[in-house]
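So the chains spell out like this:
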Amino acid sequence: MSGIDHLLAVARAYGEAERIPLTTVSWRVFEDTKKMGRLVTGSDIQSRRLEKAMVWFSENWPQNAVWPVETPRPVSQTAQAA
């Protein structure tokens, strides 16, 4: 799986857990409703932006959701600072 594949798997799982569309997930993470959709259709993303998004998901993960098994979960910035 590529980094984008991991990001999309996490985004979809988050959207399902929160019962929101991918456009809303995209807004929460990137403040851009179209970014996730563009990634689905093959667009690219800078590596730092991807890493920042994955940390955002890790720090904002719903308690009732299961993190996708095939995707490594990053350590949150808050946990690193402690």
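What comes next is a walk through the structure. Just so we're clear, the structure is a prediction, and the values are computed from it rather than from any experiment.

### Focus on the overall build of the protein
Next up, step 1: Across its full length, the protein carries five helices and zero strands.
Next up, step 2: Scaling as 2.2 N^0.38, a compact globule of 82 residues should have a C-alpha radius of gyration of about 12 Å, and the protein matches this with 12 Å.
Next up, step 3: For the protein, the spread of C-alpha atoms along the principal axes amounts to about 35 × 25 × 25 Å.
Next up, step 4: The 82 residues of the protein split such that 39% are buried.
Next up, step 5: Considering only contacts within the protein whose residues lie at least 6 apart along the sequence, 49% involve residues at least 24 apart.
Next up, step 6: Taken as a whole, the protein presents about 5,300 Å² of accessible surface, with 48% of it coming from carbon and sulfur.
Next up, step 7: Taken together, the 10 basic and 9 acidic charged side chains of the protein have centroids lying 5 Å from each other.

### Brief notes about the environment of Val69
Next up, step 1: Structurally, the position occupied by Val69 is in the loop between helix 4 (47-59) and helix 5 (77-81).
Next up, step 2: Given a relative accessible area of 79%, Val69 falls into the exposed group.
Next up, step 3: When the C-alpha atoms of Val69 and Val10 are compared, they prove to be 9.8 Å apart, with 59 residues separating the residues in sequence.

### Things to note about the packing of aromatic side chains
Next up, step 1: The final tally for this structure, using the stated rule, is five aromatic pairs.
Next up, step 2: Here the aromatic rings of Trp56 and Phe57 are separated by 5.3 Å at their centres, their planes lie at 85 degrees, and the arrangement is edge-to-face.
Next up, step 3: Since its relative accessible area comes to 22%, Trp56 is described here as partly exposed.
Next up, step 4: Grouped by ring-pair contacts, the aromatic residues Tyr14, Trp56, Phe57, Trp61 and Trp67 constitute a single cluster.

The rules behind the values
- Residues numbered from 1 in each chain as written.
- Predicted model: local features only at pLDDT ≥ 70, side-chain atom pairs only at ≥ 80, totals over all residues.
- Heavy atoms only, no water.
- Helix = DSSP H or I, 4+ residues; strand = E, 2+ residues; numbered from the N terminus.
- Rg over C-alpha atoms; globule rule 2.2 N^0.38 Å.
- Buried < 20%, exposed > 50% of the residue type's maximum accessible area, 1.4 Å probe, protein only.
- Contact = heavy atoms within 4.5 Å.
- Areas by Shrake-Rupley, 256 points an atom, 1.4 Å probe, with all protein chains shown as cover.
- Lys, Arg positive; Asp, Glu negative; His and termini not counted.
- Charge placed at Lys NZ, Arg CZ, Asp CG, Glu CD.
- Phe/Tyr/Trp six-rings, centres within 6.5 Å; stacked < 30°, edge-to-face > 60°.

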